[in-house]
Every structure is written in structure tokens, then in C-alpha cells.
Amino acid sequence: MDPAGAIGKLGFQRWYERELLLCHSWLVACLLCVFALLALLEDLSLRELGWGAAAALAAAFAAGGIAWYALARYLSMLLRAMHVAERSTCPGCGAHGKYRLVGASARAMTVHCRKCEREWAID
Ligand SMILES: [Zn+2]
């Protein structure tokens, strides 16, 4: 879900909490896949190439691919959450995350401060 739609529905603070929980679950998935990859490579013997070794090698490649994808998801979600959070402080009163979504385009969100009624854009 794009940040504007989720922030409009949940509010910034709940969106931010959920985004951090989700991105850290991707980090845990990445670490589990790396452990699986290392365990599979530890038991792999290239002297006796058979179906067992080929299956272990294929599973290790799959674990590595999933770990890479999970790491990419973790970093992209974390960087997006940090990007929005850094711009969520009201320039008028300094309140952080206390706004409601007024409008959104493909590149920016227009938000309205709940404390001082100021509007600003988060791009
Ligand atoms: Zn304000």
C-alpha cells in the first residue's frame, strides 16, 4: 500500500508503527534464510555430487535469493518510513506526526497540522 493511502486511513503514527513492524519482520526472514543458507552449505560436499547434493545446492540458492529479496524489502520499507518520518514535523509548531492527510499526488502528500492548522507538503 502506498504511504499516502495508508496514512490517510490509519494516521501517521499507526502507519509508522506498522511499517516498522513489517520491515523488521522482513529482516528476521532475511536472517533466517541466511542461517538456512549457511547450514545447507555446511553440509554440502562437492566430492560426492548426487541428487542429494544437487537438491541441497538448489535449496541454498533459493534461500540466498529469498534472503536477498527480504533484505531489499527491509531496506526499502525502512528508508521510506524514515523519509516520511523526517518530514512529518510541522514547520509551524514543531508537532511531530500530528497531522491528517488533505491530498496526495504521485509524488507528494499535502497534510494539515492538527495543532496549528498549517498545511505543508511531504514529498
Ligand atoms: Zn503545527
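If you're wondering where the values come from, they're calculated on a predicted model, not measured in any experiment.

About the thresholds
Residues numbered from 1 in each chain as written. Predicted model: local features only at pLDDT ≥ 70, side-chain atom pairs only at ≥ 80, totals over all residues. Heavy atoms only, no water. Domains from an automatic or database assignment. Contact = heavy atoms within 4.5 Å. Buried area = accessible area lost by both parts, 1.4 Å probe. Helix = DSSP H or I, 4+ residues; strand = E, 2+ residues; numbered from the N terminus. Expected span 1.5 Å × (residues − 1). Buried < 20%, exposed > 50% of the residue type's maximum accessible area, 1.4 Å probe, protein only.

Moving on, we come to the domain arrangement of the chain. For the chain, the assigned domains read domain 1 (3-86) and domain 2 (90-123). Centre-to-centre separation of domain 1 and domain 2, based on C-alpha positions: 32 Å. Facing nine residues of domain 1, the contacting portion of domain 2 comprises eight residues. In total, about 730 Å² of surface goes out of reach between domain 1 and domain 2, with carbon and sulfur atoms giving 63% of it. Of all residues in domain 1, the largest losses of buried area upon contact with domain 2 belong to Ala4, Phe12 and Gln13, amounting jointly to 51% of the total for that side.

Glancing now at helix 3 (residues 51-86). Between its terminal C-alpha atoms helix 3 stretches 52 Å, which fits the 52 Å expected from 36 residues at 1.5 Å a residue. For helix 3, the full list of buried residues reads Ala53, Ala56, Ala60, Ala63, Ala67, Ala70, Tyr74, Met77, Leu78, Ala81, Val84 and Ala85. Buried residues along helix 3 sit against helix 1 (3-10), helix 2 (12-43), strand 1 (99-104) and strand 2 (109-113).

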